[in-house]
Amino acid sequence: MAASSSSAAPDEAMESSILDVPSSDVLRLIQSHLIEAGLHAAAAALRSEAGDVGLPGLLPSSKATLVRAAQEGRWGEALQLLDGLDVERVRKSHMEDRARANGEGDGDEDGADNINNSSTLVTPLEKAVALAHETTILELAAADEAALAYAALRMCASMLDRALAVDDDGEHGGDDNRARGNDLGRISSRSGDVERRITALASLRRSSSTSTGANKNALLPPNYYGGAHSSAQKRRDHVAKLLRKHVPEVPPKRLASLLGQSLKWQCHTGTFPAVQRLLHTEDEDGGGEEREDELHDGKKKKKKKRRSRHVEKKFDLVLGNVDVESTDGRKKKKKDGNHGAGAERIPSRPFQTIRLGKKSYIESACFLPDGRGLITGSSDGFIEIWGEPMSQNEAGEGESKDVNPTINGDVDYEKLRTSDLPYQKCDDLLSHDAPVLAIDVSPDGTMLGTASSDGTVCVWKVADGKLLRKVERAHGGAGGASDNGAAVTCIQFSPDGSKVLTGGHDSTSREYGLIGSRMLKEFRGHRSYVNCCSYVVLPRSAAGIGGGGGSLLAVVTASADGSVRVWDGKTAEPIREIAPPIPTSATAVVEDKESIVGSKSVHTVVHLHSPPNTMIVVPRCDRAYLMSYSGAVLRTYARDDVQGGDFLAASVSPSNQWLYVAADDGKCVVFDIDTGRVEKIIRSFADECSSGMGEKPSEVSGIVCHPHRGLVGGFSNDKGQKRGVLTLWK
């Protein structure tokens with residue numbers, strides 16, 4: 001009986017410790033993960049399919065965008081972000097907090113009263129959201145959009161009446177407006193008060209027949225935006241302050257964090273098979289040792305030989321336990337391309353080095369989309385694809401101590417890829433007549449785009465080296481007496497692979513169609529060299545374009561004039577010019593007048609999938625920026641070990657976790673993109689990535705990241721080197 005009681009106690013304790021997670025919260029975690037990964041359409045579809053179950057807050061980057069949009073009066077973008085909030089979930093949480101604080105354990109009647117009062121409770125978040133909608137309506141009317149203002153008021157009337165009293169500014173109740181002499185009359189509802197204000201505005205402007213244009217639009221009745229807010233900007237700042245205070249923040253990477261904590265707990269309790277291997281031994285006929293066992297009719301009887309078969313339980317996060325049988329009675333050393341790839345490590349040591357011929361330098365480089373090839377463009381015009389697949393013997397013998405097939409993918413990047421590229425095997429290399437300044441590969445990996453300093457753009461077929469398209473004088477070429485065009489410094493394929501986008505020394509970016517090899521669009525507006533250009537698909541709200549939801553193919557360009565411009569990829573119309581806050585101390589004069597990197601030049605823009613709708617902007621100064629496409633600076637990346645060192649090149653890891661920046665002191669600084677903290681400094685980066693002959697290492701001109709593995713490469717185009725090298729780190 002005692003034994004029965006003792007065995008029951010742990011079961012009861014276990015049952016009491018089980019946490020019941022509502023399915024709606026699981027859906028919210030998945031939504032948050034999808035939004036962080038940039039899958040906004042999938043997140044919206046999940047919310048719609050789940051019965052409008054939304055997030056109880058915003059991610060930090062989205063909240064910063066919301067506050068900035070409210071301050072700048074971009075109410076379309078702000079309201080779209082607020083529409084994703086699950087206000088009912090916030091109200092429920094607010095009620096539970098109040099119940100615990102005021103009446104916890106007081107009895108069932110008090111609990112029932114709290115439930116009954118939940119329908120009349122107005123949370124601070126609801127007041128802030130209502131004020132944002134009200135401000136939108138008032139500003140529409142002030143902009144002579146009375147019809148839209150009245151339509152929006154009809155849609156929001158019930159929300160305004162429920163959340164706001166007539167004299168409520170969202171933070172202070174009471175008779176504030178009446179005390180300030182509100183002359184719009186005493187009315188019983190907030191929607192009626194807003195309607196009265198709009199009517200008074202229209203009446204005032206009609207009566208002011210002598211005023212025209214801007215003077216007429218500036219006319220506002222007394223206390224139009226509220227007694228404490230004499231202007232639209234003061235009202236915006238007030239609403240932005242409330243949103244910053246009351247909109248909850250959803251912790252980033254919450255789903256991955258919870259899964260990680262769960263796995264750590266299973267490791268701690270010993271139930272996680274990936275750490276505590278479950279190796280079972282089963283007997284089967286056919287081998288092993290003979291054993292004498294059991295007396296049968298007074299004689300010992302030999303049993304059959306039995307062979308041990310080991311079954312190793314390998315843990316799979318999705319499938320659970322997976323049986324992996326070993327051969328000849330021993331554990332099988334399983335080669336798994338995904339083993340150890342869960343955490344993205346920061347490279348710490350040189351791994352492989354590509355070396356060109358003497359007096360030939362690497363000007364550009366990029367990986368193939370599958371990561372099994374690295375393409376370089378050199379100062380002598382040659383384009384080479386490196387990455388010969390390694391045989392099993394080479395992978396096992398050549399680097400038996402270091403080789404991890406999950407890091408290098410069994411590829412030797414120090415050798416030209418000749419096994420499946422016959423033109424390289426015959427030394428028939430792809431080439432330009434001038435230095436190759438830019439390289440890009442089509443999304444499907446079949447085409448290679450290259451651009452050179454004489455203004456030539458070529459498109460090649462990777463498999464056989466065939467020249468598919470060639471555009472001469474793609475930039476700046478006027479023909480006639482001018483033989484060469486302007487240097488082309490950047491190139492990128494469109495998402496569907498049918499067009500290429502280029503930028504050059506003529507301060508323009510151009511789009512060429514691959515069917516007719518003709519220029520389709522020109523993006524003109526920069527005042528100096530275009531250093532990088534790229535396509536990006538954005539929600540229309542993130543791009544700052546109204547007209548409902550949907551997405552937009554945008555073009556982003558960065559220039560030596562210190563600006564980043566966002567364009568409509570369909571019409572080539574400018575959407576926004578962004579000027580990163582480059583420090584005034586960054587005024588050093590660049591000695592090389594032909595350099596595309598100016599003293600305040602923006603040389604790198606990298607689009608991120610997490611945080612969504614953001615980009616990394618790196619100018620030639622001592623800091624880099626995480627920015628939204630509306631121009632808001634969300635985070636600044638600066639070194640804490642030195643002051644004043646310029647950033648020369650940058651790249652982002654495939655998971656968007658690390659930002660790699662090459663500095664002018666020869667070090668590579670690794671920033672955590674989420675926190676802005678310096679995670680690591682690789683001190684000998686420039687020494688290993690160049691073959692400089694002087695005491696001072698050559699400046700690193702480019703960084704490339706492997707698309708799937710933890711490999712980072714750096715190279716320099718410094719003419720003072722013995723030969724060009726590109727060093728991969730792992």
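Up top you'll find the structure we're talking about.
Cut-offs and rules
- Residues numbered from 1 in each chain as written.
- Predicted model: local features only at pLDDT ≥ 70, side-chain atom pairs only at ≥ 80, totals over all residues.
- Heavy atoms only, no water.
- Helix = DSSP H or I, 4+ residues; strand = E, 2+ residues; numbered from the N terminus.
- Buried < 20%, exposed > 50% of the residue type's maximum accessible area, 1.4 Å probe, protein only.
- Contact = heavy atoms within 4.5 Å.
- Areas by Shrake-Rupley, 256 points an atom, 1.4 Å probe, with all protein chains shown as cover.
- Patch = residues over 30% accessible without salt bridge, like charges linked within 9 Å, V, L, I, M, F, W, Y side chains within 5 Å.
- Salt bridge = Lys/Arg side-chain N within 4 Å of Asp/Glu carboxyl O.
- Pairing = 2+ DSSP bridges.
- Axes fitted to C-alpha atoms, helices over the stretch in contact; angles between N-to-C directions.
- 1 Å grid on protein atoms, 1.4 Å probe; cavity = no way out; pocket = protein on both sides within 12 Å on 5 of 7 lines; lining within 4 Å.
- Points joined across faces, edges and corners; volume = space filled by probe spheres on them.
- Nonpolar A, V, L, I, M, F, W, Y, C, P; charged D, E, K, R; others polar.
- Polar contact = N/O pair within 3.5 Å; in protein donor to acceptor, adjacent residues only side chain to side chain.
- Parallel < 35°, antiparallel > 145°, perpendicular 65-115°, else oblique.
- Left-handed = near helix turned anticlockwise from the far one by under 90°.

Structural notes on the overall build of the protein
Thinking step 1. Looking only at helices and strands, the protein features 19 helices and 34 strands.
Thinking step 2. Of all 730 residues assigned to the protein, the portion counted as buried reaches 44%.
Thinking step 3. Counting contacts in the protein only where the partners sit at least 6 residues apart, residues at least 24 apart contribute 55% of the total.
Thinking step 4. Carbon and sulfur atoms make up 49% of the accessible area of the protein, which totals about 36,900 Å².

Comments concerning the environment of Arg-236
Thinking step 1. Following the sequence through the fold, Arg-236 ends up in helix H13 (residues 232-246).
Thinking step 2. Here Arg-236 falls in the buried class, since its relative accessible area comes to 18%.
Thinking step 3. Taking the C-alpha atoms as reference points, Arg-236 and Thr-135, separated by 101 residues in sequence, lie 7.6 Å from one another.

Here we look at a nonpolar patch on the surface
Thinking step 1. The grouping of Val-21, Val-26 and Ile-30 at the surface amounts to a nonpolar patch, some 210 Å² of accessible area in total.
Thinking step 2. With respect to the helices and strands, Val-26 occurs in helix H2 (residues 23-36).

Some points on the sheet that holds strand S13 (residues 447-452)
Thinking step 1. The strand order across the open sheet formed by four strands is S12-S13-S14-S15, and the pairing between neighbours is antiparallel. Each edge of the open sheet carries a strand with a single partner, namely strand S12 (436-441) and strand S15 (467-471). The average angle at which neighbouring strand axes cross in this sheet is 15 degrees, direction not considered.
Thinking step 2. Relative to strand S14 (residues 457-461), S13 is paired through five bridges, and the arrangement is antiparallel. If you follow Met-447 over to S14, its bridge partner there is Lys-461.

Brief notes about empty space enclosed by the protein
Thinking step 1. Here the structure, examined in full by the defined rule, presents three cavities of 30 Å³ or more.
Thinking step 2. Quantified by volume, the second largest cavity comes out at close to 40 Å³.
Thinking step 3. Surrounding the second largest cavity, Val-457, Val-459, Arg-469, Val-471, Val-500, Tyr-512, Gly-513, Leu-514 and Ser-517 form its lining.
Thinking step 4. Sorting the residues of the lining of the second largest cavity by element identifies S14, S15 and strand S18 (508-513) as the ones contributing at least two each.
Thinking step 5. When its residues are assigned to classes, the lining of the second largest cavity shows six nonpolar, two polar and one charged.

Looking at the side chain of Gln-352
Thinking step 1. Here Gln-352 lies in strand S6 (residues 350-358).
Thinking step 2. A distance of 2.8 Å separates a polar atom in the side chain of Gln-352 from the backbone nitrogen of Tyr-413.
Thinking step 3. Residues within four places of Gln-352 in sequence aside, it is in contact with Val-411, Asp-412, Tyr-413, Glu-414, Leu-726, Thr-727 and Leu-728.

Quick notes on the sheet that holds strand S23 (residues 574-578)
Thinking step 1. Taken in spatial order, the four strands of this open sheet run S20-S21-S22-S23, and their pairing is antiparallel. Looking at which strands have only one partner, the edges of the open sheet turn out to be strand S20 (530-539) and S23. Averaged over neighbouring strand pairs, the angle between their axes works out to 20 degrees when direction is ignored.
Thinking step 2. For S20 and strand S21 (residues 551-559), the ladder comprises nine bridges, and the chain directions are antiparallel. Its bridge partner being in S21, Val-537 is matched across the sheet by Leu-553.

Let's talk about the side chain of Arg-74
Thinking step 1. On the secondary structure map, Arg-74 appears in the loop between helix H4 (60-72) and helix H5 (75-83).
Thinking step 2. Within polar-contact distance, the side chain of Arg-74 engages the side chain of Glu-77 at 2.2 Å.
Thinking step 3. Ignoring anything within four residues of it in the chain, the contact list for Arg-74 reads Arg-68, Ala-69 and Ser-630.

Thoughts on the pattern of salt bridges
Thinking step 1. Taken as a whole, this structure holds 27 salt bridges when the rule is applied.
Thinking step 2. With its nearest N and O atoms 2.8 Å apart, the salt bridge here joins Glu-511 to Lys-521. Highlighted residues: Glu-511 in strand S18 and Lys-521 in strand S19 (residues 519-524), separated in sequence by 10 residues.
Thinking step 3. Given a relative accessible area of 18%, Lys-521 falls into the buried group.
Thinking step 4. Connected through salt bridges with shared partners, the residues Arg-68, Glu-72, Arg-74 and Glu-77 form a single ionic network.

As for the pairing of strand S16 (residues 488-493)
Thinking step 1. The element S16 is largely enclosed, with a buried count of five among its six residues.
Thinking step 2. Hairpin connection between S16 and strand S17 (residues 499-504): a loop of five residues separates the two successive antiparallel strands, and Gly-497 in this loop has a positive phi of roughly 75 degrees.

A short note on the packing of H2 against helix H3 (residues 40-49)
Relative placement of two packed helices is described by the angle separating their axes and the distance separating the axes.
Thinking step 1. Close contact between H2 and H3 brings their axes to 8 Å; oriented N to C, the two are set at 160 degrees. Taken together, the axis directions place H2 and H3 in an arrangement best described as roughly antiparallel. When you trace H2 past H3, the crossing you get is left-handed. From H2, Leu-27, Ile-30, Gln-31, Leu-34 and Ile-35 reach across to H3, where they touch His-40, Ala-42, Ala-43, Leu-46 and Arg-47.
Thinking step 2. A per-class count over the contact of H2 with H3 returns seven nonpolar, two polar and one charged.

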